[in-house]
Amino acid sequence: VVVMLASEVIRRKRDGHALNADELQFLVRGITDGSLSDAQVGAIAMALFLRGMHKDERVAFTAAMTRSGAVMEWDIDRPVIDKPSTGGVGDKVSLMLAPILAACGGAVPMISGRGLGHTGGTLDKMDAIPGYVSQPDIGLFRKAVLETGAAIIGQTSDLAPADRRLYSIRD
């Protein structure tokens, strides 16, 4: 069993080294279960931002983030499409892209974030619509995607918990 230290993995990325899938999984697990402090999560986020990620790192990190909680299975006759995001000023893409992709025959079960500083996140905007429920139960979310082709839901303690914590620390 290889023991990893968060400080060493963070140092490696800070110093410009590529992280392997095991190191990235270790970081995501620590973000999810709280074994990494907020300061350590902030440090790895800064190192990733400043040093960037190679393609293999991006794929491994995305896979680990995706599997940080429950993973919904979609056994349907059309492509299931997602548009990952770390947020941005104005949140201009998600609200337009999901219905466009659905109109083109895709299924878009989108998990989105909150609070992006002064502009708010996609869910903050959706919550401003009277009657819109941004965290419905999974059954209602699944029904909306199957019937309309797209739905947007917020992270929960089960769905994308690593995203949820990473967003909150970033904010």
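Going by the structure above, here's the rest.
Residues numbered from 1 in each chain as written. Predicted model: local features only at pLDDT ≥ 70, side-chain atom pairs only at ≥ 80, totals over all residues. Heavy atoms only, no water.

Caption draft 1: Geometry of the overall build of the protein chain. Of the regular secondary structure elements, the protein chain holds eight helices and two strands. The C-alpha radius of gyration computed for the protein chain amounts to 17 Å, which stays within 12% of the reference 16 Å derived for 171 residues, consistent with globular compactness. Dimensions along the principal axes, computed over C-alpha positions, put the protein chain at roughly 45 × 35 × 25 Å. Among the 171 residues that make up the protein chain, the fraction classed as buried is 36%. (Helix = DSSP H or I, 4+ residues; strand = E, 2+ residues; numbered from the N terminus. Rg over C-alpha atoms; globule rule 2.2 N^0.38 Å. Buried < 20%, exposed > 50% of the residue type's maximum accessible area, 1.4 Å probe, protein only.)

Caption draft 2: Main features of the pairing of strand β2 (residues 150-154). Most of β2 sits inside the fold, with five of its five residues counted as buried. Side chains Ala150, Ile152 and Gly154 of β2 all project onto a buried face; the interleaved residues Ala151 and Ile153 project onto the opposite face, where all are buried too. With five bridges connecting them, strand β1 (residues 108-112) and β2 associate as parallel partners. What sits directly across from Ser112, in β2, is Gly154. (Pairing = 2+ DSSP bridges.)

Caption draft 3: Representation of the nonpolar core in the model. Core analysis: the largest hydrophobic core is formed by 18 residues, its most contacted members being Leu19, Leu24, Leu27, Val28, Leu36, Ile44 and Phe61. The set of elements that each furnish at least two residues to this core consists of α1 (6-14), α2 (21-33), α3 (38-51) and α4 (55-66). Tallying contributions element by element places α2 first for this core, with five residues. Ignoring any residue separated from it by four or fewer positions in sequence, one finds Leu27 in contact with Val9, Leu19, Leu36 and Ile44. The next biggest cluster of nonpolar side chains, apart from the first, holds eight residues, and it includes Met72, Trp74, Phe141 and Ala151. (Core = buried A, V, L, I, M, F, W, Y, C linked by side-chain atoms within 4.5 Å. Contact = heavy atoms within 4.5 Å.)

Caption draft 4: Quick look at the packing of aromatic side chains. Per the stated rule, a full pass over the model turns up one aromatic pair. On the numbers, 6.3 Å between centres and 80 degrees between planes, the contact of Trp74 with Phe141 is edge-to-face. Placement of Trp74 in the loop between α4 and α5 (94-103) and of Phe141 in helix α7 (residues 138-148) is noted, with a sequence separation of 67 residues between them. Side by side, Trp74 and Phe141 carry an identical accessibility label, which is buried. Positioned over the ring face of Trp74 is Arg142, at 4.5 Å from the centre of the ring. (Phe/Tyr/Trp six-rings, centres within 6.5 Å; stacked < 30°, edge-to-face > 60°. Lys NZ or Arg CZ within 6 Å of the ring centre and 35° of its normal.)

Caption draft 5: View of the packing of α2 against helix α8 (residues 161-170). Look at α2 against α8: their axes get within 8 Å of each other, and the N-to-C directions meet at 75 degrees. Considered as vectors, α2 and α8 are oriented roughly perpendicular to each other. Between α2, through Val28, Gly30, Ile31 and Thr32, and α8, the contact on the second element is made entirely by Pro161, Ala162, Arg165 and Leu166. In terms of residue class, the contact of α2 with α8 is made up of five nonpolar, two polar and one charged. (Axes fitted to C-alpha atoms, helices over the stretch in contact; angles between N-to-C directions. Parallel < 35°, antiparallel > 145°, perpendicular 65-115°, else oblique. Nonpolar A, V, L, I, M, F, W, Y, C, P; charged D, E, K, R; others polar.)

Caption draft 6: How the structure looks around α7. Looking at where α7 begins, the residue whose side-chain oxygen comes 2.9 Å from the main-chain nitrogen of Gly139 is Asp137. Two residues or fewer past α7, Gly149 is found with a positive phi of approximately 95 degrees. (Polar contact = N/O pair within 3.5 Å; in protein donor to acceptor, adjacent residues only side chain to side chain.)

Caption draft 7: Main features of the environment of Ala43. Along the polypeptide, Ala43 turns up in helix α3. Exposure remark for Ala43: the relative accessible area of 26% places this residue in the partly exposed category. The spatial distance from the C-alpha of Ala43 to the C-alpha of Arg14 is 8.6 Å, given a sequence separation of 29 residues.

Caption draft 8: Focus on the environment of Glu23. Topologically, Glu23 is positioned in helix α2. A relative accessible area of 9% means that Glu23 is categorised as buried. Not counting the four nearest positions on each side in its chain, Glu23 is found in contact with Met4, Val9, Arg12 and Ala18.

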